[in-house]
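Letter by letter, the chains look like this.
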Amino acid sequence: MIKKSLFSLTLLLVFFLFHSTTTSAQPAQAPAPPGPTNVTKILEKAGQFTILIRLLKSTKVADQINQQLNDSNNGLTLFAPTDNAFSSLKSGTLNALTDQQKVQLIQFHILPNFLSLSNFQTVSNPVRTQAGDTGPGEFPLNVTTSGNQVNVSSGLVNTTVGGSVYSDNQLAVYQVDSVLLPQDIFAPKPPAPAPAPAQPKSKTKKKTADSPAADATDNESGALSLTARHGTLVSIGFAVIAALCL
């Protein structure tokens, strides 16, 4: 009886070990693929970017960023001004911009490729932004480095990268403590040139048939002609009288 019990226990143990080995040999399930990148959710999670998020949404630039990240492998780099950076602007600065200028302002903070902090040391200036190109009047930035410090200049504003907010080798978001103001929008416009002085009109008088001088000349000529005719008639009259008296 004891032998049968030991035999049954052995069979159960063998079955348990075999079942455990088979189960552990099955491959683990792959993790679910990550969801599409959403730049506003990244900024919301980081905090202190409320105004930037509002502008990204109102200008539809957030949709452009998300679409480009999910449809392309080029990546993007975003310089993200904090709420304090926007609050430091002169009162009414944002309200004075047209809708197109607001789009350009936000796109001016975006580089059309992914740059890690170390990549900034090898970029060539001027740096192209999503707002334009590298030429004058086309919204370029200048980026310089000093050790581990990255400095960004718009020509009107100089700021330093305060740290990395997010990076996934496709999107890099860096905090900046000043709003980068493009010269193409915020630089003072030169005054319009004064109109050229009008050229003085010539004062030379030309004698015409209607001028007083011409009228006087015509009157004098008429008077002389009439006098000559009158004298001729008088002469003829005297001649006729003399002939009759003969």
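Note that the coordinates shown come from a computational prediction; the quantities given were computed from them, not determined experimentally.

Enquirer: I tried to follow the packing of aromatic side chains on my own but got confused; where do I start?
Expert: Aromatic ring pairs are defined here through the distance separating the ring centres and the angle between the ring planes. Per the counting criterion, the structure on display carries 3 aromatic pairs. Between Phe-120 and Tyr-174 the ring centres are 5.5 Å apart and the planes differ by 65°, which places this aromatic pair in the edge-to-face class. In this pair, Phe-120 sits in the loop between strand 2 (110–111) and strand 3 (142–146) while Tyr-174 sits in strand 6 (residues 171–176), placing the two residues 54 residues apart along the sequence. Each residue in the set Phe-79, Phe-120 and Tyr-174 is aromatic and connected to the rest through ring pairs, giving one cluster.

Enquirer: Please clarify how the side chain of Thr-59 should be interpreted in this entry.
Expert: With respect to the helices and strands, Thr-59 occurs in the loop between helix 3 (50–58) and helix 4 (61–71). Assessed through its relative accessible area of 11%, Thr-59 is described here as buried. Beyond its immediate sequence surroundings of up to four residues, Thr-59 is in contact with Lys-102, Val-103 and Ile-106.

Enquirer: Quick question: what am I supposed to make of the environment of Gln-101 here?
Expert: Examined against the element boundaries, Gln-101 turns out to sit in helix 6 (residues 99–107). We classify Gln-101 as partly exposed; its relative accessible area is 24%. Separated by 30 residues in the primary sequence, Gln-101 and Ala-131 have C-alpha atoms spaced 9.8 Å apart. Ignoring sequence-local partners within four residues, the contact set of Gln-101 consists of Ala-96 and Ile-185.

Enquirer: Which parts of the structure should I look at to understand helix 4?
Expert: Spacing of three or four residues puts side chains on the same side of an α-helix, whose turn is 3.6 residues. Looking only at helix 4, the buried set comprises Val-61, Ala-62, Ile-65, Asn-66 and Leu-69. For helix 4, the angular spread of buried residues about the axis comes to 135°, placing them on one side. Turned more than 90 degrees off the buried face of helix 4, the exposed positions are Gln-67 and Asp-71.

Enquirer: Teacher, can you tell me more about the packing of helix 2 (residues 39–46) against helix 3 here?
Expert: Relative orientation and spacing of two packed helices are given, respectively, by the angle between their axes and the distance between those axes. Look at helix 2 against helix 3: their axes get within 10 Å of each other, and the N-to-C directions meet at 165°. In terms of their interaxial angle, helix 2 and helix 3 are classed as roughly antiparallel. Crossing of helix 2 against helix 3: the hand is left-handed. The residues of helix 3 that touch helix 2, namely those facing Thr-40, Leu-43 and Glu-44, are Leu-52, Ile-53, Leu-56 and Lys-57. The residue makeup of the contact of helix 2 with helix 3, split by class, is 4 nonpolar, 1 polar and 2 charged.

Enquirer: Looking at this structure, I do not really get the pattern of salt bridges. What am I missing?
Expert: It is possible for side chains bearing opposite charge to pair when their charged atoms get close. As enumerated under the stated definition, the model contains 1 salt bridge in all. A salt bridge links Lys-57 to Glu-44; its shortest N-O distance comes to 3.6 Å. Taken as a pair, Lys-57 in helix 3 and Glu-44 in helix 2 lie far apart in primary sequence, 13 residues in all. Note on Glu-44: relative accessible area 44%, which makes it partly exposed.

Enquirer: Is there a simple way to explain the sheet that holds strand 5 (residues 158–167) in this structure?
Expert: Sheet strands associate in pairs through backbone hydrogen bonding, adopting either a parallel or an antiparallel arrangement. With respect to topology, 6 strands assemble into an open sheet ordered 2-1-6-5-4-3, the strand pairing being mixed. The open sheet has two edge strands, strand 2 and strand 3, and neither has a second partner. Sitting on the sheet, helix 4 touches strand 1 (76–81), strand 2 and strand 6, and the angle it makes with strand 1 is about 150°.

Enquirer: Would you mind going over unusual backbone geometry with me for this structure?
Expert: Most peptide bonds are trans, and most residues other than glycine sit at a negative phi. In this structure, Pro-126 follows Asn-125 across a cis peptide bond, with omega equal to -5°. Tracing the sequence through the fold places Pro-126 in the loop between strand 2 and strand 3. Phi at Gln-48 is positive, roughly 60°, even though this residue is not glycine. The topology assignment puts Gln-48 in the loop between helix 2 and helix 3. Classification of Gln-48 as partly exposed rests on a relative accessible area of 43%.

About the cut-offs
Residues numbered from 1 in each chain as written. Predicted model: local features only at pLDDT ≥ 70, side-chain atom pairs only at ≥ 80, totals over all residues. Heavy atoms only, no water. Phe/Tyr/Trp six-rings, centres within 6.5 Å; stacked < 30°, edge-to-face > 60°. Helix = DSSP H or I, 4+ residues; strand = E, 2+ residues; numbered from the N terminus. Buried < 20%, exposed > 50% of the residue type's maximum accessible area, 1.4 Å probe, protein only. Contact = heavy atoms within 4.5 Å. Arc of directions from axis to C-beta. Axes fitted to C-alpha atoms, helices over the stretch in contact; angles between N-to-C directions. Parallel < 35°, antiparallel > 145°, perpendicular 65-115°, else oblique. Left-handed = near helix turned anticlockwise from the far one by under 90°. Nonpolar A, V, L, I, M, F, W, Y, C, P; charged D, E, K, R; others polar. Salt bridge = Lys/Arg side-chain N within 4 Å of Asp/Glu carboxyl O. Pairing = 2+ DSSP bridges.

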